[in-house]
Amino acid sequence: SLLNKVEMAVQTMLLATSDPDVPSPGADNPSSSTSAHAPAPVPASVFHWKQQYFKKGVTGYKSESGASVKSSVCVKGHIMLDYPMVEIFGTLMNQGTIREFNPQIDSAKTKLKFGTCSFLESVKCFRIWPTATRDYINFVHWRLLEDGRIVIAAFSDKKYSDQFPPEEGTVRAEMILGGYLLTRVNNKT
């Protein structure tokens, strides 16, 4: 079901973004952000993150062997931002300002809402030669965790992708899992 997919996405995001060098506010209570009825997420041990670069304050990592789908690429980035977490969250969730974080996005539009914390979003990315323009239809869910962190998880779902076919000349891409984990660390996010 969609609820199970959402829960697995959230739990996998939490595991994939874990980093021993960044203190986790919930480290002393690991059950604070998990559900007893959640499906088993991808184990953290499968990711084997290796640093790829440090550029403009972002440390980029690539998983050496961790894709649950062998053809997928697993990457993550860490950055400390000297802004309140609520401002960063607001920028990420505002379809007019998301390009400040991701300049590849041409446009983002909500297609359907599922309550306060979940929605279906159409994201169109700029064409990068030699590929065609790409778009995504992603189910997005955000959650405030008991330890104060905010997780935003997004993934493509064929059921919804089929309801909103791509525009002429655009290739539909699939997001297996993407998102953000916002953590307050030393008065920064």
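All values reported here derive from a predicted model rather than from experimental measurement. (Residues numbered from 1 in each chain as written. Predicted model: local features only at pLDDT ≥ 70, side-chain atom pairs only at ≥ 80, totals over all residues. Heavy atoms only, no water.)

### Here's the deal with the confidence of the model for the protein chain
- Summing up the model confidence of the protein chain, the mean pLDDT is 78 and the portion of residues at 70 or higher is 77%.
- Contacts from residues 20-41, a stretch scored under 50 in pLDDT, to residues over four places away or in other chains number 29 contacts. (pLDDT = per-residue confidence, 0-100. Contact = heavy atoms within 4.5 Å.)

### Describing the side chain of Arg 149
- Relative to the helices and strands, Arg 149 is located in the loop between strand 6 (133-144) and strand 7 (150-156).
- A polar contact of 2.8 Å, which involves the side chain of Arg 149, links it to the side chain of Asp 147. (Helix = DSSP H or I, 4+ residues; strand = E, 2+ residues; numbered from the N terminus. Polar contact = N/O pair within 3.5 Å; in protein donor to acceptor, adjacent residues only side chain to side chain.)

### Quick notes on the nonpolar core
- Leu 92, Ile 150, Ile 152 and Leu 182 are the most contacted members of the largest nonpolar core, which totals 16 residues.
- Residue contributions to this core peak at four residues, all from helix 2 (residues 85-93).
- Counting 13 residues, the second-largest nonpolar core is a separate cluster that includes Val 6, Ala 9, Leu 14 and Phe 139. (Core = buried A, V, L, I, M, F, W, Y, C linked by side-chain atoms within 4.5 Å. Buried < 20%, exposed > 50% of the residue type's maximum accessible area, 1.4 Å probe, protein only.)

### What about the pattern of salt bridges?
- Under the definition given, this model contains six salt bridges.
- A salt bridge links Lys 124 to Glu 167, with the shortest nitrogen-to-oxygen separation between them at 3.2 Å. Of this pair, Lys 124 sits in strand 5 (residues 118-125) while Glu 167 is found in the loop between helix 3 (158-163) and strand 8 (170-172), placing the two residues 43 residues apart along the sequence.
- Here Asp 147 ties to Arg 149 by a salt bridge, and the two come within 2.8 Å at their closest N and O atoms.
- For Asp 147, a relative accessible area of 16% puts it in the buried group. (Salt bridge = Lys/Arg side-chain N within 4 Å of Asp/Glu carboxyl O.)

### Some words on the packing of aromatic side chains
- On inspection of all chains with the given rule, the structure shows four aromatic pairs.
- Measuring from ring centre to ring centre gives 5.3 Å for Phe 114 and Phe 139, while their planes differ by 50°; the resulting arrangement is tilted. Taken together, the residues span a long stretch of sequence, with Phe 114 in the loop between strand 4 (105-113) and strand 5 and Phe 139 in strand 6 at a distance of 25 residues.
- Classification of Phe 114 by relative accessible area gives partly exposed; the value is 31%.
- Between Phe 139 and Phe 155, the ring centres sit 5.6 Å apart and the planes meet at 35°, which makes this aromatic pair tilted. Of this pair, Phe 139 sits in strand 6 while Phe 155 sits in strand 7; the two residues are 16 residues apart in sequence, bridging distant segments of the chain. Summarising the burial analysis for this pair, Phe 139 and Phe 155 share the class buried.
- Taken together, the aromatic side chains of Phe 114, Phe 139, Phe 155 and Tyr 160 make up a single cluster linked through ring pairs. (Phe/Tyr/Trp six-rings, centres within 6.5 Å; stacked < 30°, edge-to-face > 60°.)

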